[in-house]
Each structure stands twice: as structure tokens, then as C-alpha cells.
Amino acid sequence: MENFVFHNETKLIFGKGTIGRIGEEIKSAGFKKVLMLCGGGSIKKNGVYDQVVASLKNSGVEWVEVWGVKPNPVLSKVHEAVEVARKEKVEAILGVGGGSVIDSSKAVAAGVLYEGDIWDAFIGKYKVQKALPIFAVLTISATGTEMNGNAVVTNEKTLEKFAVSSKALYPKVSIIDPSVQASLPREQTVYGAVDAIAHILEYYFDGSDSLAQNELSEGLIRTIMTCTERLLEDPNDYESRANFAWSATLALNGLTAAGRRGGDWACHRIEHSLSAIYDIAHGAGLAIVFPAWMKYVWREKPEQFVRFSKKIFSIEGDGEQAVLEGIEAFKGWLKKVGAPVSLKDVNIPAQDLDKIVDNVFRRDEPFGTLKKLGRSDVRKILEIALE
């Protein structure tokens, strides 16, 4: 196990009927006016918007609204919200929605206090040291952004999808009421599950050794898989929804990272190019990329892939056959819940592979922790992903 420091900046409020606490949390933190950032309007259908507005009113907190954040959030919306926040002189940012809304809120919070284009932070020209305070009401559990300092945004002009990370971007308070997620479309539950599992696996397969972290990670993966299957049968199963939501938060709030080597993140980098170019769901892209990456790199630490096969899918053995059976079992589960497992499933043709590789390597190369990947490696992974 590697040395580590575990410290999370976010106060998390979890459970039924907790959304009404957001106004008081903002007020008690000393803020009187916020910008509320929202998505496409689902929060008005499931009652979340009304709960948030009533809470703000009851607490005497003023707000202005910016709507229209996309599932793959774009830079132009961030720019729009930054201008509104400056014009209205808001004191904090309140994101109400899924991971894309919360990520955008973080970019806006940093952008308001930066004189240049906040995209500079995503391309490494500016390190975020300060941001407006961020509050969050989460409506889709997937990314873990409600309890970390990460954000991902796409520059739709350049087709670059990059991430930024900073201690200044941890939400001050995040609220998760799992009951409001019962109305989510089936595919959003599935893609949320894939995203959360992928976050766990990025650390699990980074070449580190830790019995405690292996057991924790495997337990979370099994929980997410079980709860996903139950939710597909009954979306209103609150216990499954709550366990799913908490597991997705734990997947990327620093807990599964402790004692590891920082994670691998190759699969995320490759997937970001898929969703930047084709605007597919992040979870869908990860379902395609992760098994292909596993099949390509498993020889770098075979014992961990054997462990994955045994602990997640009860596959016995300690050699190549056990590893490959585990990868196929993972793909089989992804298929079972309705996720794509091939580039063909999302209509990405073989002739586009070079274009994808070029997009992946717009930033420094090589990348990856378990195995450093160059251009030829990424192309081979994409070729496997066509199978």
C-alpha cells in the first residue's frame, strides 16, 4: 500500500427529503445570492426544482438561473454562465442536476474569478487556486463529482474533452436524495453504473497492491452491479437506489484512491475522445473501451486480473483463461444491462480509428499507469473494441 492523505472537503447530506435543506446550508455559510445552474428541464418534472426554489425562498437566498447544460457539458454554456454570474454579482454557484451540471458549476465557479478564458485550466495553462463556493443538489448518481474536485468539459469548437482538478472545486455542501432518481430513464441508470464501476477500476488496475482497497473496491463493484439489476426490475426500489447512489459517490471521493498510485485513467482519456467526437454518453463509451483495454494490458499485472475474475464473477483458475473469462463475463454483464460493448454498437466505423487516435493524442503522450500507451497501443485497443 502506498502512503496517502485522505481529506475530503465536502459536507454530504444524504437521504429522503433532504433537498429542502439546501437553502439553509447556503444561508448559514453566509451567502445571500447564488447562480443556479440546471440542465434540460427534468428537475421541473420530478419536483426537485420546486423543492430547491422553496428552500431558497424560505431561507432568504436570492438566485438567478441558467439552463441548458448538456449531458456532455460544453464550454460555451460555461462561458454564458460565467457572464451571468459576473453581471448578477452572485456569491456562490448552485448546481442542480447530474454530473454534467455539477462539473459545469465547478468550471463556472473558477471562471468567474479568472481574468482569462477558463479553458486555460483544462489545457494546463492555468492552475485553479480559487473559485466561488459551490453547492450541489445531485439528481443522477454516476460521476462522483458531488464529492470531489474534478470537472470535465468539452470544447465543442475544437472537439477536445479535457478534465481539471483542484481542491478549490470541491463542493461545500452536496445533497443526494436517492428517491428523486426513480424517474431516471433506464439508460441513465445503466450508464451511471458503468461510470461508477469504471472509476473504481481505474484505481483497482493501476498496478498497486492493497488488500483493504481490493476488498473495498470489489464490494462496491458487486453492490453497484446488484443494485443496477434490481433497479432495472423496479426503478422505485429505494434501498437499491440509495445503495447505488452512495456507492457511486464512494467510487470517486478519494476513498478508493487511498493507498493506490493515482489511478490509470487511460480508459477515460480514450473515452473522452469518443464522446467529444460522437457525443455519445460517457458511460456508453466506457462500456466499450474498458473491456478492450483490459484485454490488451492484463499481462502487465495478471494476478490482479485473475483476482477480478474470481472476486467479481466467481471464476476459478490463475492463468490466461481465467483472465479472459473474467473479461468476457464483464462484457456479458454490460450487455445484460443494456450497455454497448463494441464501437459497432454505437455506429462508429473502423475507418474512423485514426481520427479517434489523433484526438486522443492532442495532449502529451504516452499515458497510462499500469501500461504506458502510445499511438499504436491506442489503435490496437480500439481495434479490439470493434469486436
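What counts and what doesn't
Residues numbered from 1 in each chain as written. Predicted model: local features only at pLDDT ≥ 70, side-chain atom pairs only at ≥ 80, totals over all residues. Heavy atoms only, no water. Buried < 20%, exposed > 50% of the residue type's maximum accessible area, 1.4 Å probe, protein only. Helix = DSSP H or I, 4+ residues; strand = E, 2+ residues; numbered from the N terminus. Pairing = 2+ DSSP bridges. Phe/Tyr/Trp six-rings, centres within 6.5 Å; stacked < 30°, edge-to-face > 60°. Lys NZ or Arg CZ within 6 Å of the ring centre and 35° of its normal. Axes fitted to C-alpha atoms, helices over the stretch in contact; angles between N-to-C directions. Contact = heavy atoms within 4.5 Å.

As a further point, take the pairing of strand β8 (residues 173-176). With burial as the criterion, each face of β8 is covered, one bearing Val173 and Ile175 and the other bearing Ser174 and Ile176. Note: strand β1 (residues 11-14) against β8, four bridges, orientation parallel. Of the residues in β8, the one forming a bridge with isoleucine 13 is isoleucine 175. Here strand β5 (residues 134-138) pairs with β8 via four bridges, running parallel. Residue pairing for β8: alanine 136 is matched across the bridge by serine 174.

Before going further, it helps to spend a moment on unusual backbone geometry. Unusually for a residue other than glycine, tryptophan 265 sits at a positive phi of about 70°. In this structure, tryptophan 265 sits in the loop between α9 (238-250) and α10 (266-278). Not every positive phi belongs to a glycine, and serine 314 is a case in point at roughly 60°. Relative to the elements of secondary structure, serine 314 occurs in the loop between α12 (302-313) and α13 (320-337).

Another aspect to go through is the packing of aromatic side chains. Taken as a whole, this structure holds 17 aromatic pairs when the rule is applied. Taking 3.9 Å as the distance between ring centres and 15° as the angle between the ring planes, the aromatic pair formed by tyrosine 114 and tyrosine 126 counts as stacked. Here the residue tyrosine 114 occupies a position in the loop between α5 (99-112) and α6 (119-122), and tyrosine 126 occupies one in the loop between α6 and β5, the gap between them amounting to twelve residues. The class of tyrosine 114 is buried, set by a relative accessible area of 16%. Positioned above the aromatic ring of tyrosine 49 is the side chain of lysine 44, whose terminal nitrogen or guanidinium carbon lies 5.0 Å from the ring centre.

On to the sheet that holds strand β4 (residues 92-97). Strand pairing in a sheet relies on backbone hydrogen bonds. The paired strands run either parallel or antiparallel. Taken in spatial order, the six strands line up as β1-β8-β5-β4-β2-β3 in an open sheet, and their pairing is parallel. The strands lining the two open edges of the sheet, one partner per strand, are β1 and β3 (62-66). Mean inter-strand twist for the sheet, computed between neighbouring axes without regard to direction, equals 20°. Running at roughly 170° to β1, α9 makes contact with β1 and β8 of the sheet.

Honestly, that's just the spatial picture; any functional story needs more than this.
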